Amino acid sequence: MRQVTRAGDPVDVAGDFPEVGQAAPALTLTNTDMADVTLADFAGQRKVLNIIPSVDTPTCALSTRTFNKLASQMANTVVLVVSADLPFAAKRFCGAEGLDNVETLSTFRHPEFHRTWGVALCSGVMKGLCARAVVVLDERDRVIHSQLVGEIKHEPDYQAALESLA
């Protein structure tokens, strides 16, 4: 089991976090149209998974805005913002913020994502949500960058994620 921190307090994270060079684990998540999607729905595209606890927290909102801005600079790349937020809430947030370069996906029907992707927060006040992480996949769904952010309140390393796509 890995650990991250939240405001300096240790938080246990369960599951196997994807490492560079591995094939991406399978996933099924729910989009804002309430349809279930898999990696096959984005076949042939590079994927940036911005995995967050909730768009209703300041750092998560900031990372979603930042990846929305960066997405316009990335050829053949889709940015997937993954959280336990209900699709309605994620759609409302992106609509209010004018964010149309990211696709929000929810784990609410598919909590197995948390452990399968190694981001299951299993202690502390955020237990049941996803840890903050960024995983970048190539067109064949191989991991080319992965970062489990050590402090939940910190932003991910955007530059490292972008450099993996160069």
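Here goes a summary of the coordinates provided.

Parameters at a glance
- Residues numbered from 1 in each chain as written.
- Predicted model: local features only at pLDDT ≥ 70, side-chain atom pairs only at ≥ 80, totals over all residues.
- Heavy atoms only, no water.
- Core = buried A, V, L, I, M, F, W, Y, C linked by side-chain atoms within 4.5 Å.
- Buried < 20%, exposed > 50% of the residue type's maximum accessible area, 1.4 Å probe, protein only.
- Helix = DSSP H or I, 4+ residues; strand = E, 2+ residues; numbered from the N terminus.
- Contact = heavy atoms within 4.5 Å.
- Polar contact = N/O pair within 3.5 Å; in protein donor to acceptor, adjacent residues only side chain to side chain.
- Disulfide = S-S within 2.5 Å.

## Regarding the nonpolar core
Phase 1: Within the largest apolar cluster, 29 residues are counted, with the highest numbers of intra-cluster contacts made by Leu49, Ile51, Phe113, Trp117 and Val119.
Phase 2: At the level of secondary structure, the elements contributing two or more residues to this core comprise β2 (9-14), β5 (46-51), β6 (77-83), β9 (133-137) and β10 (143-148).
Phase 3: Setting aside residues no more than four positions away along its own chain, leucine 49 makes contact with Leu27, Leu80, Val82, Trp117, Ala133, Val134, Val135 and Leu137.
Phase 4: Counting 20 residues, the second largest nonpolar core, distinct from the first, contains Val55, Ala61, Phe67 and Phe93.

## Concerning the side chain of asparagine 68
Phase 1: Within the fold, asparagine 68 resides in helix α1 (residues 58-71).
Phase 2: Judged by its relative accessible area of 9%, asparagine 68 is buried.
Phase 3: For asparagine 68, the side chain forms a polar contact with the main-chain nitrogen of asparagine 101, separated by 2.7 Å.
Phase 4: Discounting residues that sit within four places of it in the chain, asparagine 68 has contacts with Gly98, Leu99, Asp100, Asn101 and Val102.

## Re the environment of arginine 132
Phase 1: By the element assignment, arginine 132 lies in the loop between β8 (120-121) and β9.
Phase 2: In the structure, arginine 132 is positioned 17 residues away from valine 149 in sequence and 5.6 Å away in space, judged by C-alpha atoms.
Phase 3: For arginine 132, the side chain forms a polar contact with the main-chain oxygen of isoleucine 152, separated by 2.7 Å.

## Digging into the state of the cysteines
Phase 1: Across all of its chains, the model carries zero disulfides by this definition.
Phase 2: Looking at cysteine 60, it has no disulfide partner, and the nearest cysteine sulfur is the one in cysteine 130, 9.7 Å off.
Phase 3: Of the residues examined, cysteine 60 reaches a relative accessible area of 0% and is grouped as buried.
Phase 4: With no disulfide of its own, cysteine 122 lies 12 Å from the sulfur of cysteine 130, the closest cysteine sulfur.
Phase 5: Residue cysteine 122 is classed as partly exposed on the basis of its relative accessible area, which comes to 21%.

Spatial relationships are all this shows, so hold off on functional conclusions.
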